[in-house]
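Residue-level listing of the chains:
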Amino acid sequence: MTKKAMANKVRTKKYAALLRGINVGGSKKVPMAELRAVLEGLGHGDVRTYLQSGNAVFSSANEDPAALARELEAAIEAHFGFRVACLVVDGEYLRAVARACPFPAAELEGKQLHATFFSEQPGAERFAAVEAAAYLPEEYRIGDRVLYLYAPDGLGRSKLAEVLARPAVVKGIDATSRNWNTVAKLVELTQD
């Protein structure tokens, strides 16, 4: 490849878009084929979706995940007529989240371990009123813009998850949760 061709080749990065609260209970319907079309319409490449719960992977030359999220939120609202909170994270970040997991992910079922991704780092004061010992054996830990939740009976039965989703904890921050199977798949799909 010539130097000129190399200079013209745009370097892209792989991202995962995590949409919050779509295709649940008949509201905020976002068909995955249409989501892929929206992402492609924004100029992104290598677009794929995973499951029906709002996970998309794409490549982009834009290196600002927050700008990509705002752009996607605006495009979804223009296309579907409602706002959906979107978090965009790159593959490197997802791999760091997986490596930093404080729970033995390889020994647990995917439904027992969850990651809640935040649009910004929550301060410790948000969790001050959560009496973690009252919810054992359920546990949580805070990481880099992520909350790891161990819920041995699954998220649907988790009392700790209910407390961690209260406005006192998440008000003003976009947050969306994924089970560990989904986290692992997104890590795989965002490999360069």
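Predicted model, so just to flag it, every value in this text is computed and none were measured.

A.B. asks: Help me get a handle on the layout of surface pockets, residues and values and all.
C.D. replies: Taken as a whole, the largest pocket spans an internal volume of roughly 310 Å³. For the largest pocket, the lining is made up of 14 residues, of which Thr116, Ala161, Leu164, Ala165 and Ser177 are closest to its centre. For the lining of the largest pocket, the secondary-structure elements that each account for two or more residues are strand 5 (113-118), strand 7 (146-150), helix 5 (159-164) and strand 8 (175-179). Across the lining of the largest pocket, the residue classes tally to 9 nonpolar, 4 polar and 1 charged. The computed volume of the second largest pocket comes to approximately 240 Å³. In terms of lining, the second largest pocket is formed by 15 residues, of which the most central are Ala66, Ala69, Leu87, Val88 and Ser119. Breaking the lining of the second largest pocket down by element, the ones donating at least two residues are helix 3 (65-80), strand 4 (86-90) and strand 5. Sort the elements by how many residues they give to the lining of the second largest pocket and helix 3 lands first, with 5 residues. Grouping the constituent residues of the lining of the second largest pocket by class yields 10 nonpolar, 1 polar and 4 charged.

A.B. asks: Let's hear about the pattern of salt bridges: which residues, and what values?
C.D. replies: Scanning the entire structure with this criterion turns up 7 salt bridges. One salt bridge connects lysine 13 with aspartate 90, and the closest N-O pair in it is separated by 3.3 Å. With lysine 13 in strand 1 (residues 13-19) and aspartate 90 in strand 4, the pair connects residues that are 77 residues apart, well separated along the chain. By relative accessible area, which is 14% here, aspartate 90 ends up buried. With a closest N to O distance of 2.8 Å, arginine 141 and glutamate 139 form a salt bridge. Given the relative accessible area of 37%, arginine 141 is considered partly exposed. Each of Glu73, Arg83 and Asp174 takes part in one network of salt bridges that share partners.

A.B. asks: Give a detailed account of the packing of aromatic side chains, specifying residues and quantitative values.
C.D. replies: Scanning all chains against the criterion turns up 6 aromatic pairs. Their ring planes at 25 degrees and their centres at 5.7 Å tell us that tyrosine 15 and phenylalanine 58 sit as a pair that is stacked. On the criterion of sequence distance, the pair formed by tyrosine 15 in strand 1 and phenylalanine 58 in strand 3 (residues 55-60) is long-range, its members being 43 residues apart. Comparing tyrosine 15 with phenylalanine 58 shows no difference in burial state: the two are buried. In this arrangement the basic side chain of arginine 145 is found over the ring face of tyrosine 93, its NZ or CZ atom lying 4.3 Å from the centre.

What counts, and at which threshold
- Residues numbered from 1 in each chain as written.
- Predicted model: local features only at pLDDT ≥ 70, side-chain atom pairs only at ≥ 80, totals over all residues.
- Heavy atoms only, no water.
- 1 Å grid on protein atoms, 1.4 Å probe; cavity = no way out; pocket = protein on both sides within 12 Å on 5 of 7 lines; lining within 4 Å.
- Points joined across faces, edges and corners; volume = space filled by probe spheres on them.
- Helix = DSSP H or I, 4+ residues; strand = E, 2+ residues; numbered from the N terminus.
- Nonpolar A, V, L, I, M, F, W, Y, C, P; charged D, E, K, R; others polar.
- Salt bridge = Lys/Arg side-chain N within 4 Å of Asp/Glu carboxyl O.
- Buried < 20%, exposed > 50% of the residue type's maximum accessible area, 1.4 Å probe, protein only.
- Phe/Tyr/Trp six-rings, centres within 6.5 Å; stacked < 30°, edge-to-face > 60°.
- Lys NZ or Arg CZ within 6 Å of the ring centre and 35° of its normal.

Such coordinate-based values are descriptive only and should not be taken to indicate function.
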